[in-house]
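As a plain string of letters, each chain reads:
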Amino acid sequence: IAAFTTPTTIPPLHALQQRQQQYEKSIQQSNKQHMLLNPYSTSACATMMMMASPKRGKVVDSYQTVSVNCSKCRTRLFRYKKKNGTKSNLVKCYVERISEDSANLLSKREEMKKSGGKEEEEGGEEWHCPNCQTKFARSSLIHGRPALKLVGGKVQMTKK
């Protein structure tokens, strides 16, 4: 059985150059449209990832309040407005959503800052349980808002 081969035709060089020029023009036009749509863009091909900022205000008031306790000594550290209650793990806490400061952690932190206490470390200020001195969180900025990044296993979340 003989294998049938079809002759492949190579387009002439000027046709390839024409296609290349058309492609470059279309890219330039799309870049111009991009600049019209996004005038704050620094370059024609720049894309910016927009992250949703956390909710605040009246919406947060409807969130469930959970207690955040030290897992070692069971001392209540604070009460926090969490979106889906105890259904998921607590990884970070926005400071503005802390509804009750049971252990006076925030007020002590404010006093330290006013009196010119320790400087913030590179990884953020450490937060310790006032009862057993266990490190349970560190300060950080998340979406431009002050927050606590909690250390895994150091805090327990309860509904009460």
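Here the structure is a predicted model, which means the values were calculated and not measured.

### Focus on the overall build of the chain
Alright, step 1. Assigned secondary structure in the chain consists of three helices and eight strands.
Alright, step 2. Put simply, of all contacts in the chain between residues at least 6 apart along the chain, 44% involve residues at least 24 apart.
Alright, step 3. As displayed, the chain has an accessible area near 12200 Å², and 53% of this comes from carbon and sulfur atoms.

### Some remarks on unusual backbone geometry
Alright, step 1. The backbone phi angle of R74 is positive, close to 65°, even though this residue is not glycine.
Alright, step 2. Relative to the helices and strands, R74 is located in the loop between β1 (64-70) and β2 (76-82).
Alright, step 3. Here the phi dihedral of H143 falls at roughly 55°; this positive angle occurs in a residue that is not glycine.
Alright, step 4. Mapped onto the elements, H143 comes out in the loop between β6 (135-142) and β7 (145-150).
Alright, step 5. What makes H143 partly exposed here is its relative accessible area of 39%.

### Thoughts on the packing of aromatic side chains
Alright, step 1. Within the structure shown, the criterion is met by zero aromatic pairs.
Alright, step 2. The ring of W127 carries R109 above its face, with NZ or CZ at 4.1 Å from the centroid.

### Describing the sheet that holds strand β4 (residues 98-100)
One key point about sheets: their strands pair by backbone hydrogen bonds, in either a parallel or an antiparallel sense.
Alright, step 1. Spatially, β4-β2-β1-β8 is the arrangement adopted by the four strands of the open sheet, whose pairing is antiparallel. Each edge of the sheet is formed by a strand with only one pairing partner; in this case those strands are β4 and β8 (155-158). Going across the sheet, the axis of each strand differs from the next one's by a mean of 40°, ignoring polarity.
Alright, step 2. When β1 meets β2, the two strands line up antiparallel, connected through six bridges. Note on β2: the bridge partner recorded for V68 is F78.

### Remarks on the confidence of the model for the chain
Alright, step 1. When pLDDT is averaged along the chain, the result is 80, and 75% of the positions lie at 70 or above.
Alright, step 2. Highest mean pLDDT in the chain belongs to β1 (94); lowest belongs to helix α1 (residues 13-37) (73).

### Considerations on the pairing of β7
Alright, step 1. Relative to β7, strand β3 (residues 92-94) runs antiparallel, the two being bridged by three bridges. For C93, the partnering residue across the bridge sits in β7 and is L148.
Alright, step 2. Relative to β7, β6 runs antiparallel, the two being bridged by six bridges. Bridge pairing in β7 places S139 opposite L148.
Alright, step 3. What sits between β6 and β7 in their antiparallel hairpin is a turn of two residues, with H143 showing a positive phi close to 55°.

Analysis parameters
In this numbering scheme, every chain counts its residues from 1 along its sequence in written order. Local features in this predicted model are restricted to residues of pLDDT 70 or higher, and side-chain atom pairs are both shown and tallied only at a pLDDT of 80 or more, whereas totals for entire chains, interfaces and linings draw on every residue. The side-chain numbers reported here are obtained from all heavy atoms of the structure, hydrogens and water having been left aside. Runs of H or I in DSSP of at least four residues are treated as helices and runs of E of at least two as strands, each being numbered from the N terminus. By the convention used here, residues are in contact when the closest approach between their heavy atoms is within 4.5 Å. The protein chains shown are the only cover counted for residues, whose accessible areas, like all others here, come from Shrake-Rupley with a 1.4 Å probe. Only protein chains enter the accessibility calculation, which uses a 1.4 Å probe. A residue is then buried if its area is under 20% of the maximum for its type, exposed if over 50%, and partly exposed in between. Ring pairs are drawn from Phe, Tyr and Trp, using the six-membered ring of Trp, whenever the two centres fall within 6.5 Å, and their geometry is named by plane angle: stacked under 30 degrees, edge-to-face over 60, tilted for the rest. Whether a charge lies above a ring is judged from NZ of Lys or CZ of Arg, which has to be within 6 Å of the ring centre and within 35 degrees of the ring normal. DSSP calls a pair of strands paired once it identifies at least 2 bridges connecting them. Comment: axis = line fitted to C-alpha atoms, over the contacting stretch for helices; angle = value between 0 and 180 degrees taken between N-to-C directions. Values of pLDDT, ranging from 0 to 100, describe the predictor's confidence in every residue of the model.

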